[in-house]
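Next come the chains, spelled out residue by residue.
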Amino acid sequence: MATPPVKVYGPPLSTAVSRVLVCLLEKDVQFQLVPVNMAKMEHKKPDYIKMQPFGQVPAFQDDDITLFESRAICRYVAEKYPNKGTAGLFGTNPLVKASIDQWLEAESQSFNPPSSVLTFQLFFAPLMKLKQDEASIKQNEAKLEKVLDVYENRLGSSRYLAGDEFTLADLSHLPNTQFLVEKTDKAELFTSRKNVGRWWSEISTRPAWKKVVEMQNA
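Residues numbered from 1 in each chain as written. Predicted model: local features only at pLDDT ≥ 70, side-chain atom pairs only at ≥ 80, totals over all residues. Heavy atoms only, no water.

Engineer: In this structure, what is going on with the sheet that holds strand β1 (residues 6–9)? I would like to understand it.
Structural biologist: Ordered in space as β2-β1-β3-β4, the four strands form an open sheet in which the pairing is mixed. A single partner strand is all that each edge strand has here, and the edge strands are β2 (31–34) and β4 (65–68). Along the sheet, successive strands turn relative to each other by an average axial angle of 20°, direction set aside. Contacting β1, β2 and β3 (59–62), helix α1 (residues 15–26) crosses the sheet at an angle of about 155° to β1. (Pairing = 2+ DSSP bridges. Helix = DSSP H or I, 4+ residues; strand = E, 2+ residues; numbered from the N terminus. Axes fitted to C-alpha atoms, helices over the stretch in contact; angles between N-to-C directions. Contact = heavy atoms within 4.5 Å.)

In structure tokens:
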């Protein structure tokens, strides 16, 4: 009997949803993308809140298991399907897992906050006809530059953030960076740094991520 596909709730344009989608594609796991109309506040309705208590996207279902928070979902997928698709996304031993986890934490705690603000202010705000906050843009650009300086140094001695293999540590950076490089005037934050630029060129041209971008542009 065929295994039913996992379900991912939310729009692919969401950075958190696209993080989960690219992980599933890298692992060659079948999935069903379930639309959530956020303009109609479907993510705040009682049935959805049962899956995602904070009323955000994505929500994730695997048979009778429900999860939320994109990075946790990615860890789960990588652990459940170690031999499918791209191997080693979450490592194969405790030391490698710890290395991946520390860079996932760096992404979540240091990279994501300023890059999310810039993504919203520079891409989503104009789309939603909202006024941009220039002070916030300037402040968060400075914060992101400091993070990318750390990455530049790390990537000078390592092909990827957690070592010589592509992992969740790299994958998790794809959504926000895609918007900043391709949809705003801040691409130079990445491309002007030799090692960061090389890294971005490698991870952004992976077939799984190209498929997600196609879904976003559909």
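Engineer: What is the right way to read the environment of G55 from this model?
Structural biologist: Structurally, the position occupied by G55 is in the loop between α2 (46–51) and β3. Spatially, the C-alpha atom of G55 lies 25 Å from that of A218, the residues being 163 residues apart in sequence. Residues in contact with G55, not counting those within four places in the same chain, are H43, K44, Y48 and I49.

Engineer: Looking at this structure, how should I read the layout of surface pockets?
Structural biologist: Empty space among the atoms becomes visible once a probe the size of a water molecule is rolled across them. In this model, the largest pocket occupies a volume close to 600 Å³. Lining the largest pocket are 23 residues, with S14, T15, A16, V57 and F124 positioned closest to its centre. A total of five residues in the lining of the largest pocket trace back to one element, the largest contributor, which is helix α4 (residues 94–127). Taken together, the residues of the lining of the largest pocket break down into eight nonpolar, 11 polar and four charged. (1 Å grid on protein atoms, 1.4 Å probe; cavity = no way out; pocket = protein on both sides within 12 Å on 5 of 7 lines; lining within 4 Å. Points joined across faces, edges and corners; volume = space filled by probe spheres on them. Nonpolar A, V, L, I, M, F, W, Y, C, P; charged D, E, K, R; others polar.)

Engineer: Looking at this structure, how should I read the nonpolar core?
Structural biologist: For soluble globular proteins, nonpolar side chains are generally found buried alongside one another. Counting residues in each nonpolar core, the largest one holds 58 residues, and the members touching the most others are Y151, L168 and F190. Those residues in contact with L168 that lie beyond four places of it in its chain are C23, C74, R75, A78, L89, F90, I100 and L104. (Core = buried A, V, L, I, M, F, W, Y, C linked by side-chain atoms within 4.5 Å. Buried < 20%, exposed > 50% of the residue type's maximum accessible area, 1.4 Å probe, protein only.)

Engineer: Quick question: what am I supposed to make of the environment of V17 here?
Structural biologist: Residue position: V17 is located in helix α1. V17 gets classed as buried once you look at its relative accessible area, which sits at 0%. C-alpha separation for the pair V17 and V212, spaced 195 residues apart in sequence, amounts to 9.9 Å.

None of this, on its own, says anything about what the molecule does.
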